[in-house]
Amino acid sequence: MLAPFLLLGLAVTAPAQPQNTAAPGAAPCDKPVYLTFDTGHMGVAPLIVDTLKRYDAKATFFLAQEPTMDGGQTLDDKWAPWWKQLAEQGHDFGSHTWYHDAWSADLPDGKFRFKRAAGEQVPQNVVLSAAEYCEELKRPARRFLEMTGRPMSMIFRAPAGRTSPALIAAAQACGFRHVGWSASGFLGDELPSDRYPNQALLEQALRRVKPGDILMAHLGIWSRQDPWAPTVLEPLLQGLKSRGMCFAPLRDHPEYVAWMRRPQEAVARAASTTGATGASGASGASVAPSPKDALRR
């Protein structure tokens, strides 16, 4: 059972993440939606979690080492007890890369170009090999294990949702599966407040979200002047719940249930090859829906 943690660079025995008691593939109700949150400035993070508690909502969090409003970083020692408490509440967790590297191109030599930026940082262009990108995915998992004593699920979300087939292949060769979001699950918290006010975002989400959707928001967006959470989150959860929907972690999603519940030995086998480069070329590259597309009626 140690193998996955040795691959992450830690010889530690850790308990499995909390699992619900439902049968594999079963959700708490027949109309689940899947809340997911990427790390952000963390200013609203405690408010988001308090709201989730009130609605008995389980979510999935994707972690990167990002600057916080208090001058620290999302995965520093100050936030470690908060992440541990969150893990004990039964949520799911995945990698968002360590430096929040957003894919921009596949290169002819099998490497990848990324735009490295988080929060208000000045963007930098960086080039990583498949093995180096694998390390980018593993670092949040190692840190999560250090903070919580629990393993992170072998899932990741590419910053900005930007991927290519070669990048996905490199990540999967290193043991990680990508998780995007539904078109109607783009909640718009990263959009400018003057053009996309909270009330408009709430009305759109209530109109468009349907059972089975993966929803995406952040634990704080630097550029948004009127914070999205909990102003939108609370009435959104209330509205969806009134329509018979419930809030399940990704381990209950039919597309990810087998991947996230498989034995740790299977994770180790999948992660045993870390140097794969995948096919070169940018053909088939995937980019998250643009704000205008995501918010069209």
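Residues numbered from 1 in each chain as written. Predicted model: local features only at pLDDT ≥ 70, side-chain atom pairs only at ≥ 80, totals over all residues. Heavy atoms only, no water.

## Focus: the confidence of the model for the protein
Note the threshold: Scored from 0 to 100, pLDDT records how confident the predictor is in each individual residue. Numbering of helices and strands starts at the N terminus; helices are DSSP runs of H or I of at least 4 residues and strands are runs of E of at least 2. Contacts: residue pairs with any heavy atoms within 4.5 Å of one another.
For the protein, mean pLDDT is 83; residues scoring 70 or higher make up 78% of the total. Predicted confidence in the protein is weakest over helix 1 (residues 3-7), with a mean pLDDT of 35, and strongest over strand 2 (residues 59-63), with 98. Under a pLDDT of 50 for its full length, residues 1-27 has, in the predicted model, 61 contacts with residues more than four places off or in other chains. Low pLDDT (under 50) marks residues 263-297, which in the prediction has 78 contacts with non-local residues, meaning those over four places away or in another chain.

## Looking at the side chain of Arg 224
How we decide: For each residue, the accessible area found with a 1.4 Å probe, counting protein chains only, is set against the maximum for its type, and the residue is called buried under 20%, exposed over 50%, and partly exposed in between. Positive charges come from Lys and Arg alone, negative charges from Asp and Glu alone, with His and the N- and C-terminal ends not counted. One speaks of a salt bridge when a side-chain nitrogen belonging to Lys or Arg is within 4 Å of a carboxyl oxygen belonging to Asp or Glu. N or O atoms within 3.5 Å of each other form a polar contact, as long as, within protein, one can give a hydrogen and the other can take it, and as long as residues adjacent in sequence are counted only when both atoms are side-chain atoms.
One can find Arg 224 in the loop between strand 9 (214-218) and helix 7 (233-242). With no salt bridge to any partner, buried Arg 224 finds its closest opposite charge in Asp 226, at an N-O distance of 5.5 Å. Here Tyr 196 takes part through its backbone oxygen, which lies 2.7 Å from a polar atom of the side chain of Arg 224. Within polar-contact distance, the side chain of Arg 224 engages the side chain of Asn 198 at 2.9 Å. When neighbours within four sequence positions are excluded, Arg 224 is seen to be in contact with Gly 188, Asp 189, Leu 191, Pro 192, Ser 193, Tyr 196, Pro 197, Asn 198 and Leu 201.

## Some remarks on the sheet that holds strand 6 (residues 124-128)
Strand pairing in a sheet takes place through backbone hydrogen bonds and is either antiparallel or parallel in direction. How we decide: Pairing between strands requires that DSSP locate at least two bridges from one strand to the other. Lines fitted to C-alpha atoms define the axes, with helix axes restricted to the stretch in contact, and inter-axis angles between N-to-C directions lie between 0 and 180 degrees.
Sheet architecture is open: three strands sit in the order 4-5-6, paired in antiparallel fashion. The open sheet has two edge strands, strand 4 (101-106) and strand 6, and neither has a second partner. Geometrically, the sheet is characterised by an average inter-axis angle of 35° between neighbouring strands, direction not taken into account. Note: strand 4 against strand 5 (residues 112-116), five bridges, orientation antiparallel. Residue pairing for strand 5: Trp 103 is matched across the bridge by Phe 114.

## As for the state of the cysteines
Filter applied, for reference: Here, the term disulfide refers to a pair of cysteine sulfur atoms separated by no more than 2.5 Å.
Taken as a whole, this structure holds one disulfide when the rule is applied. Note that Cys 134 is cross-linked by a disulfide to Cys 174, the S-S spacing being 2.1 Å. Every disulfide takes its handedness from the sign of the S-S torsion; for Cys 134 and Cys 174 that torsion is 85°, giving right-handed. With Cys 134 in helix 4 (residues 130-148) and Cys 174 in the loop between helix 5 (165-173) and strand 8 (177-178), this residue pair connects regions lying 40 residues apart in the sequence. Residue Cys 134 shares its accessibility class with Cys 174, and that shared class is buried.

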